[in-house]
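So the chains spell out like this:
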Amino acid sequence: LMLSPLCRADNWLVDTGEEQPLHHGLSSFGKKVLAEMNRLGMIVDLAHVSVDTMKVVLNLTKAPVVFSHSSAFSLCQNRRNVPDDVLRMVVSTGAQPRVGRGLAGLPWGSGPLLPQASKDSLVMVNFYNDYVTCGNTAQLVDVANHMDHVKKVAGARYVGFGGDYDGVT
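Residues numbered from 1 in each chain as written. Predicted model: local features only at pLDDT ≥ 70, side-chain atom pairs only at ≥ 80, totals over all residues. Heavy atoms only, no water.

Q: Could you clarify how one ought to interpret the overall build of the chain in this entry?
A: Secondary structure assignment for the chain yields five helices and five strands. Moving toward the C terminus, one meets the helices and strands of the chain in the order β-α-β-α-β-α-β-α-α-β. Residue burial in the chain is summarised as follows: out of 169 residues, 44% are buried. The long-range fraction of contacts in the chain, counting pairs at least 24 apart against all pairs at least 6 apart in sequence, stands at 62%. Surface exposure of the chain reaches about 8500 Å², of which carbon and sulfur atoms provide 57%. (Helix = DSSP H or I, 4+ residues; strand = E, 2+ residues; numbered from the N terminus. Buried < 20%, exposed > 50% of the residue type's maximum accessible area, 1.4 Å probe, protein only. Contact = heavy atoms within 4.5 Å. Areas by Shrake-Rupley, 256 points an atom, 1.4 Å probe, with all protein chains shown as cover.)

In structure tokens:
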């Protein structure tokens, strides 16, 4: 189960990078929301948040996170992309034991729909030109370069394909 309150939140919860930082990551209420999401076994989506928010969440989370539609900042300096120091932090979330319960209240990794739940966070590279080439056009090789970069910095188990909620744009 995934909820993206951090992805679409206004500044009362997180700093998004679109305005001057108020909380330098998460507000105190945002930290409570993160703790409750961890308790419930929900995946936290860090697409669209500021780098400070990424770092605070990665330092506090007790469960894996996902960047549902982000790319590598080193290849395209768009604020929605993930910097290398954050990619290295993503790796550290995979070693932590999960907390809470999964589907139907069963412990993580059990149940018919989730036989082997991953304990790893995931950076899902998108296909949107602005986040892949910082320009008007992109080719599949550009997406592959982002995937390769995330693989080199974080590892192959932490990279995937992603898209915004309107599909792959």
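Okay, back to it.
Q: What am I meant to see in the packing of aromatic side chains here?
A: Each aromatic ring pair is described using two quantities: the centre-to-centre distance and the angle formed by the ring planes. Under the defined criterion, the tally for this structure stands at two aromatic pairs. Ring geometry for Phe127 against Phe161: centres 5.6 Å apart, planes inclined by 20°, an arrangement best described as stacked. Of this pair, Phe127 sits in the loop between strand E4 (122–125) and helix H4 (129–132) while Phe161 sits in strand E5 (residues 159–161), and the two are 34 residues apart along the sequence. A ring pair is formed by Tyr128 and Tyr131, whose centres lie 4.9 Å apart and whose planes are at 55°; its orientation type is tilted. Here Tyr128 falls in the partly exposed class, since its relative accessible area comes to 33%. (Phe/Tyr/Trp six-rings, centres within 6.5 Å; stacked < 30°, edge-to-face > 60°.)

Q: Even after reading the chapter, I still don't get the confidence of the model for the chain, so can you show me in this structure?
A: When the pLDDT values of the chain are averaged, the result is 77; 67% of them are 70 or greater. Confidence, expressed as mean pLDDT per element, reaches its minimum in the chain at strand E1 (residues 2–3) with 48 and its maximum at helix H5 (residues 140–153) with 96. The model gives residues 5–12 a pLDDT under 50, and that stretch makes 27 contacts with residues more than four places away or in other chains. Every residue in residues 95–117 scores below 50 in pLDDT, and together they form 37 contacts with partners more than four places removed in sequence or on other chains. (pLDDT = per-residue confidence, 0-100.)

Q: So what exactly am I meant to see when it comes to the side chain of Asn38 here?
A: Relative to the assigned elements, Asn38 resides in helix H1 (residues 28–40). A relative accessible area of 4% means that Asn38 is categorised as buried. Of note is the side chain of Asn38, whose polar atom sits 2.7 Å from the backbone nitrogen of Lys62. (Polar contact = N/O pair within 3.5 Å; in protein donor to acceptor, adjacent residues only side chain to side chain.)

Q: When you look at the state of the cysteines in this model, what are you seeing that I'm missing?
A: In protein chemistry, a disulfide is the covalent bond that joins the sulfur atoms of two cysteines. Tallied over the entire structure, the rule returns one disulfide. The disulfide that involves Cys76 links it to Cys134, with 1.9 Å between the sulfurs. The sign of the 110° torsion about the S-S bond sets the Cys76-Cys134 disulfide as right-handed. Here Cys76, found in the loop between strand E3 (65–70) and helix H3 (84–93), pairs with Cys134, found in the loop between H4 and H5; they are 58 residues apart in sequence, far enough to count as distant. Look at Cys76 and you get buried, because its relative accessible area is 0%. According to the relative accessible area criterion, Cys134 is partly exposed, its value standing at 41%. (Disulfide = S-S within 2.5 Å.)

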